[in-house]
Amino acid sequence: MTNLGRLYSLLDGVTLPDDLPYSQVSSWELRFLYLLGRHRLTGEDRLVELGSGGGGSTYALALGLRDSPVFDERSGRLHAYDFFHVGKGTFATEKFFTAGTRPSDGDSSFLDDFRDRLGPFLPFLEIHAGDIWQTSDPADTSPIEFLHIDIAKTARVFRCVSERFLTRLRPGSVVLHQDFAGPRLPWLHYSTGALLPYIEIAGPPIRSTLAFEVVRPIPGDVLKTVSEDAFTLDEKLRLISAVQERVDRDHTGGIPFGSVLELAKAYAAHYEGRHRRAWSIARKLTGDEYLARTRADHFKQLRTAYEKDGGGSGSLITRLARKAARR
């Protein structure tokens, strides 16, 4: 069992406040964040949360840090990154406002609500509000001890995460991929496959979150390939298969990651404009009970793209143009 894996046995013993800020992650994931702050993190290097949302995950982690015997609130800092507003392209919900809906004046920012909710931890919380390409510093090379990734909903954002944060990981760094159960985000899956020689996966995903620890220095050329998305489609599928060999169901038994990751392969092909190949992968999964119940819209999207493309795979020029547009 990995060092991180030892925290699993403590999950049932964690009781979080009833008035925890609204969060889109499960209670299991919130408890794990608390345990990381309480028992694993020191704050000697950067603690980074990418995608803080309404503050539930930030609160759980910060509470664990406050209860830690080694975290020093005078010098340690938890860095919270988010748009902190609702609207097209933000993937935020109006539930992040304290009232549960956007104010009557139409203000789209819930940053003040976030600050109010995280008030007890503001002395060691540093907030970065806005587009991550603007709020992160490309010249910052300070080591990262902890990286919670709940922001990489698009390939564009994941490139920023890769270039400016993954490059700062060191042996001992802890990473959480919160959206690992999202087939539409295959870059999370094949990039993890590329990192497998240098990391140890903590154990079964905690609901949608995959946790791992860096155990060997990650070569610069590997990180460059990840940030530039310089994999062929066949390489992406092979890397996802490598993750499938390590990751099965989540720790509650509810999410069949083998099937989820297979559907992610279809999306890797879809984003390359290879719609025939994407649908050939996805079609075999339509009988999967979990995916049929939770991802019906995914199948519809992939089949529609296949049919609109005349059942073909798209020209090479079209595929290259689509890939360039995503960067």
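Because the structure is a prediction, the values reported are computed rather than measured. (Residues numbered from 1 in each chain as written. Predicted model: local features only at pLDDT ≥ 70, side-chain atom pairs only at ≥ 80, totals over all residues. Heavy atoms only, no water.)

## Quick word on the overall build of the chain
Right, so step 1: Secondary structure summary: the chain contains 13 helices and seven strands in total.
Right, so step 2: On C-alpha atoms alone, the chain measures out to a radius of gyration of 20 Å, which is about the 20 Å that the 2.2 N^0.38 rule sets for 327 residues.
Right, so step 3: Dimensions of the chain along its principal axes, counting C-alpha atoms only, are 60 × 50 × 40 Å.
Right, so step 4: Counting all 327 residues of the chain, 54% fall into the buried class.
Right, so step 5: A total of about 14400 Å² of accessible surface is found on the chain, and carbon and sulfur atoms cover 48% of it.
Right, so step 6: Here the chain holds 43 positive side-chain charges and 42 negative ones, and the gap between their average locations is 7 Å. (Helix = DSSP H or I, 4+ residues; strand = E, 2+ residues; numbered from the N terminus. Rg over C-alpha atoms; globule rule 2.2 N^0.38 Å. Buried < 20%, exposed > 50% of the residue type's maximum accessible area, 1.4 Å probe, protein only. Areas by Shrake-Rupley, 256 points an atom, 1.4 Å probe, with all protein chains shown as cover. Lys, Arg positive; Asp, Glu negative; His and termini not counted. Charge placed at Lys NZ, Arg CZ, Asp CG, Glu CD.)

## A look at the sheet that holds strand 7 (residues 210-214)
Right, so step 1: With respect to topology, seven strands assemble into an open sheet ordered 3-2-1-4-5-7-6, the strand pairing being mixed. Strands with a single pairing partner mark the edges of an open sheet, and in this sheet they are strand 3 (125-129) and strand 6 (199-201). Recorded for the sheet is a direction-independent mean angle of 15° between the axes of neighbouring strands. (Pairing = 2+ DSSP bridges. Axes fitted to C-alpha atoms, helices over the stretch in contact; angles between N-to-C directions.)

## What to know about the environment of Val-215
Right, so step 1: Its place among the elements puts Val-215 in the loop between strand 7 and helix 7 (220-228).
Right, so step 2: Residues Val-215 and Tyr-22, spaced 193 residues apart in sequence, show a C-alpha to C-alpha distance of 34 Å.
Right, so step 3: Sequence-distant contacts of Val-215, that is, excluding residues within four places in its chain, are made with Pro-171, Tyr-198, Ile-199 and Glu-200. (Contact = heavy atoms within 4.5 Å.)

## Side note on empty space enclosed by the protein
Right, so step 1: Here the structure, examined in full by the defined rule, presents two cavities of 30 Å³ or more.
Right, so step 2: Here the second largest cavity defines a volume of roughly 40 Å³.
Right, so step 3: Lining the second largest cavity are Val-25, Glu-29, Phe-32, Leu-33, His-148, Leu-176, Gln-178, Ile-206 and Thr-209.
Right, so step 4: Here the lining of the second largest cavity gets three residues from one element, more than from any other, and that element is helix 1 (residues 27-39). (1 Å grid on protein atoms, 1.4 Å probe; cavity = no way out; pocket = protein on both sides within 12 Å on 5 of 7 lines; lining within 4 Å. Points joined across faces, edges and corners; volume = space filled by probe spheres on them.)

## A word on helix 10 (residues 275-283)
Note that an α-helix has 3.6 residues per turn; residues three or four places apart therefore point the same way.
Right, so step 1: Taken residue by residue, helix 10 has His-275, Ala-278, Trp-279, Ile-281 and Ala-282 as its buried positions. Take helix 10 and look down its axis: the buried residues cluster within an arc of 160°, on one side only. (Arc of directions from axis to C-beta.)

## Details of the layout of surface pockets
Right, so step 1: Estimates place the volume of the largest pocket at around 860 Å³.
Right, so step 2: Gln-24, Phe-91, Asp-150, Lys-153 and Asp-179 are the residues nearest the centre of the largest pocket, which is lined by 43 residues in total.
Right, so step 3: For the lining of the largest pocket, the elements supplying multiple residues, two or more each, are helix 2 (56-67) and helix 5 (155-164).
Right, so step 4: By residue number, the principal contributor to the lining of the largest pocket is helix 5, which donates three residues.
Right, so step 5: Of the residues in the lining of the largest pocket, the class split is 15 nonpolar, 18 polar and 10 charged. (Nonpolar A, V, L, I, M, F, W, Y, C, P; charged D, E, K, R; others polar.)

## So, helix 7
Right, so step 1: Three or more residues of helix 7 are buried, namely Val-222, Leu-223, Val-226 and Ser-227. An end-on view of helix 7 places all buried positions within 130° of arc, on one side of the element. Away from the buried face of helix 7 by more than 90 degrees, exposed residues Gly-220 and Asp-221 are located.
Right, so step 2: For helix 7, the elements touching its buried residues are helix 5 and helix 6 (186-195).
Right, so step 3: Just downstream of helix 7 lies Asp-229, where phi reads positive at about 50°.

## Comments concerning the nonpolar core
Right, so step 1: Core analysis: the largest hydrophobic core is formed by 62 residues, its most contacted members being Leu-50, Ile-132, Leu-147, Val-161 and Leu-166.
Right, so step 2: With eight residues, the top contributor of residues to this core is helix 9 (residues 257-271).
Right, so step 3: Residues in contact with Ile-132, not counting those within four places in the same chain, are Leu-50, Tyr-81, Ile-151, Val-157, Cys-160, Val-161, Arg-164 and Phe-165.
Right, so step 4: Grouped together as the second largest cluster of nonpolar side chains are 42 residues, Leu-11, Leu-36, Phe-71 and Leu-78 included. (Core = buried A, V, L, I, M, F, W, Y, C linked by side-chain atoms within 4.5 Å.)

## A word on the packing of aromatic side chains
Right, so step 1: Within this structure, the stated rule accounts for 14 aromatic pairs.
Right, so step 2: Judged by centre distance (5.9 Å) and plane angle (65°), the ring pair of Phe-121 and Phe-124 falls under edge-to-face. Assigned by exposure class, Phe-121 and Phe-124 land together as buried.
Right, so step 3: Relative to Tyr-271, the ring of Tyr-267 lies with its centre 5.8 Å away and its plane at 50°, an arrangement referred to as tilted. Taken together, the positions of Tyr-267 and Tyr-271, both in helix 9 and four residues apart, correspond to about one turn of that helix.
Right, so step 4: Residue classification places Tyr-267 among the buried positions, given a relative accessible area of 0%. (Phe/Tyr/Trp six-rings, centres within 6.5 Å; stacked < 30°, edge-to-face > 60°.)

Any functional reading would require information that these geometric values do not contain.
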